[in-house]
Amino acid sequence: MEQLVQQLVNGLLIGLVYSLLAIGLTLIWGVMNVLNFAHGEFLMIGMFMSYWLYALAGVDPLFSIPVNAVALFLLGMFIYRYIISKVMQGPALAQLVVTFGISIFIANFAALIWTPNFRSIEHTLLSGTWDISGIKLSIPKFVTSIGSVVTSCGVFWFLRNTRTGKAILAVEMDREAALIMGINTDRINSLSFGIGSALVGVAGALLATHYYIYPFVGGTFGLTCFCIVALGGFGSIEGAFIAGILVGVVQTLGGYIFNPAYKLAIVFAMYLITVWIRPQGLRGW
Amino acid sequence: MSTITGKRLALGGAVLALLIILPLVVASPFGQHVMILTFMFAMCGVAWNLMGGYAGMFSFGQVAFFGIGAYTSSFLLLTFNISPWFGLVAGGVIASLLAAAIGYPCSNLRGHYFAIASIAFGEIIRIVFNNWQTVGAAEGLTIPMMKESLANFMFHSSKLPYYYIMLAFLLLAVAVCYWVSTSKMGYYLRAIKEGHDIAQVLGVNVVRYRLYAIMISAFLTAMAGTFYAQYILYIDPESVMILAISVQIVLVAMLGGANTVLGPVVGAAILITLSEYSRAWLGYKGTGVDMIAYGTLITIISMYLPNGVWGSIISLTERGK
């Protein structure tokens, strides 16, 4: 029983990180109907930036959060401006495939310049575990989840309460209508791509406190995120948040009950079953 | 009209004759290997086209069918000593049945949702095979050495028989695709792609024709899988069930021109040749430079040639008329 609660807690902790990653992805998907297959690779870049800031300048991963956010925001805008926007007028298939190309490029380029080795940050401000009546709570994992929730809430607030945020939501609802209302949709596209990538940057810094860092780390995270986003429903921020937690918990519990080797398969099966019953996802329309 | 078909037939015959003579001219084993792989991916691309190009179902999970084809024939041969030729058919049937089983619940999925569902399906199959002891789990299966003969589907002294068998398979796939595209089904599929709901309202049985397309596609892809197993003589989940193969199949179709019968063949000729030679030249150090080049190539193709080489040629000639 205690073990089960422990797994539940672990699932919740990783699920909240998934939520943050998925919110970034769903923002891009919702606003411009582009599936960014390079999302996981952006995460990898974020993790490596934190790693190098730590290894070369001694900056704790927690303090590299703002640096990561800004750098990935710019990277996202850059990739939108020079690659994605060029493909958006083309056939749907090209839009799907182009980000695959970007992800293969980034992952292998990283492997070339940084070698495919596994790295980790040894001594951070956060270490150790709390023991709450038998349930072990790793402090870096806990802080990562709290950081993810705070960032997710920040995105909610931004979208609901600022002019730019409202403009993003408007474009997401109806691109033509937003254009008629005088919203610069191209600028909103570029901003959303930037913000979506910046969120991954934040997640990357948080994960760098305890996760292994290697060039192909993005692959599994990326695939999981697609399922979460589709599970949550087309462009739905709330959907992505809920689905992220759900996937984290189901994956961890499923891996514990059946076999850890099937963790990812369980997530995919859950996605297939959900879209079978509700083809538009949990919160889609 | 009849003269145009006559011309086309003559042109097709000439290309075919060229393809039959080609391996006799290109005698290097590596050159022949590249041509065999080209035909194999061309076949998978043609099969993908039935789903993706015509019906608009962008599948990124074709590798599941490929892998099942490879595993079925190899497993039957290893365990029950059943001829790979029978395994070829059995693999195709199993892949089609599985395609129907997964395609039916997915029959309402469109666009990105379908693409993600297909990735999920392919990954589930890979993970299951990676942990399934009966089929060798992560160690895979080694096809036993047998006497070289057509009946055994195994040749050691020369790659030529493999070349001609694969060419025959490819011709079969092209014939099936041509037949589908000119039959009623082809029009139904295109109608589904243009407007799912409208096609349904006009009386097209969308679920049924989508299923037909998926099943035919799965059968052909599984055939290519069996061929791969008999050609390489060793399979494991990492070589016949990874997402990268699915992506390669999509790229072959897109580069050549989705929605045209011969597009994937042209696409495979360009992409497989490029990637095999770049791997031979750049990849030997294991630094992944060939993969960087490959990623760049994909990005550039989607940006500047989204309708594919063959697709662009066809639309140019049609404009000229």
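Just so it is clear, the model here is predicted, and its values are computed rather than measured.

Visitor: Hey, could you run me through the overall build of chain A in this one?
Guide: Across its full length, chain A holds eleven helices and two strands. When the helices and strands of chain A are listed from N to C terminus, the series reads α-α-α-α-β-β-α-α-α-α-α-α-α. By the compact-globule yardstick of 19 Å for 285 residues, chain A fits well, its C-alpha radius of gyration being 19 Å. The proportion of buried residues among the 285 residues of chain A is 54%.

Visitor: So what exactly am I meant to see when it comes to the overall build of chain B here?
Guide: Counting its regular elements, chain B contains 14 helices and two strands. For chain B, whose C-alpha radius of gyration is 19 Å, the value lies close to the compact-globule estimate of 20 Å for 321 residues. Each of the three principal axes of chain B carries a C-alpha extent, and together these read 55 × 45 × 40 Å. Taken over 321 residues, chain B has a buried fraction of 51%. Counting contacts in chain B only where the partners sit at least 6 residues apart, residues at least 24 apart contribute 76% of the total.

Visitor: Where do I start with the interface of chain A and chain B in this structure?
Guide: One widely used convention gives an interface's size as the accessible area the parts lose upon coming together. Contact residues are listed per partner, giving 35 residues for chain A and 36 residues for chain B. The set of elements that each furnish at least two residues to the side of chain A that touches chain B consists of helix 3 (65–87), helix 4 (92–114), helix 9 (218–232) and helix 11 (263–277) of chain A. In terms of residue count, helix 4 of chain A provides more of the side of chain A that touches chain B than any other element does, 14 residues in total. Taken together, the residues that form the side of chain A that touches chain B break down as 31 nonpolar, three polar and one charged.

Visitor: Teacher, can you tell me more about unusual backbone geometry here?
Guide: Located in the positive-phi region is N33 of chain A, a residue other than glycine, with phi close to 55°. The residue N33 of chain A is located in the loop between helix 1 (2–32) and helix 2 (39–57) in this model. With phi around 55°, N81 of chain B is a residue other than glycine that occupies positive phi space. Locating N81 of chain B in the fold gives a position in the loop between helix 3 (62–80) and helix 4 (84–103). N81 of chain B gets classed as exposed once you count the C-beta atoms within 10 Å, which come to 9.

Visitor: Would you take a moment to explain the pairing of strand 1 (residues 129–132) of chain A for this structure?
Guide: Moving residue by residue along a regular strand, the side chains alternate between the two faces of the sheet. Residues and elements named next belong to chain A. Alignment of strand 1 against strand 2 (residues 135–138), held across four bridges, turns out to be antiparallel. Across the sheet, T129 pairs through a bridge with S138, a residue of strand 2. Joining the antiparallel neighbours strand 1 and strand 2 is a turn of two residues, in which S133 adopts a positive phi near 40°.

Visitor: Would you explain the packing of helix 10 (residues 237–257) of chain A against helix 11 of chain A in this entry?
Guide: Any two packed helices are characterised by how steeply their axes cross, that is the angle between the axes, and by the distance between the axes. All names here are of chain A. Contact geometry of helix 10 with helix 11 gives a least axis separation of 8 Å together with a crossing angle of 130°. By the angle between their axes, helix 10 is oblique relative to helix 11. Relative to helix 11, helix 10 is oriented so that their crossing is right-handed. Residues V247, V250, Q251, G254 and G255 of helix 10 pack against K263, I266, V267 and M270 of helix 11.

Visitor: Hey, could you run me through the packing of helix 3 of chain A against helix 4 of chain A in this one?
Guide: Axis separation between helix 3 of chain A and helix 4 of chain A bottoms out at 9 Å; the angle between their running directions is 145°. Contact residues: I79, I83 and V87 of chain A in helix 3 of chain A; A94, Q95, V98 and I102 of chain A in helix 4 of chain A.

Visitor: Teacher, can you tell me more about the nonpolar core here?
Guide: What tends to happen in soluble globular proteins is that the nonpolar side chains get buried as a cluster. Grouped together as the largest cluster of nonpolar side chains are 207 residues, with contacts concentrated most on L21 and C227 of chain A together with M43 of chain B. Among the elements that line this core, the one with the most residues is helix 9 (residues 206–232) of chain B, at 17 residues. Excluding residues within four positions of it along the chain, C227 of chain A makes contact with V247, V267, F268 and Y271 of chain A together with I116 and A120 of chain B.

Reading the values: rules and limits
- The numbers attached to residues start from 1 for each chain and follow its sequence in the written order.
- All chains are assigned letters beginning at A, and all ligands numbers beginning at 1, according to the order in which they are written.
- Reporting of local features is limited, given that this is a predicted model, to residues whose pLDDT is at least 70; pairs of side-chain atoms are given and counted only at 80 or more, and all residues count toward the totals for whole chains, interfaces and linings.
- Each helix is a run of H or I in the DSSP string that is no shorter than four residues. Each strand is a run of E no shorter than two, and both are numbered from the N terminus.
- Only C-alpha atoms enter the radius of gyration, while the globule expectation follows 2.2 Å times N to the 0.38, with N the number of residues.
- In this scheme every C-beta is placed from the backbone, and a residue whose C-beta has 20 or more other C-beta atoms within 10 Å is buried, one with 12 or fewer is exposed, and one in between is partly exposed.
- Think of it this way: build a C-beta for each residue from its backbone, and any pair within 7 Å is a contact.
- Three classes are used, and their members are as follows: Ala, Val, Leu, Ile, Met, Phe, Trp, Tyr, Cys and Pro are nonpolar, Asp, Glu, Lys and Arg are charged, and the others, Gly among them, are polar.
- Here a strand pair is declared whenever DSSP counts at least two bridges between the two strands.
- Every axis in this analysis is a line fitted to C-alpha atoms, fitted for helices over the stretch in contact. Angles between the N-to-C directions lie between 0 and 180 degrees.
- Each angle is binned into one of four classes, with values under 35 degrees roughly parallel, values over 145 roughly antiparallel, values of 65 to 115 roughly perpendicular, and all other values oblique.
- Two helices that cross are described as forming a left-handed crossing if the nearer one is turned anticlockwise from the farther one by less than a right angle, and a right-handed crossing if clockwise.
- We define a nonpolar core as a collection of buried residues of the types Ala, Val, Leu, Ile, Met, Phe, Trp, Tyr and Cys that are connected via C-beta atoms lying within 7 Å of each other.

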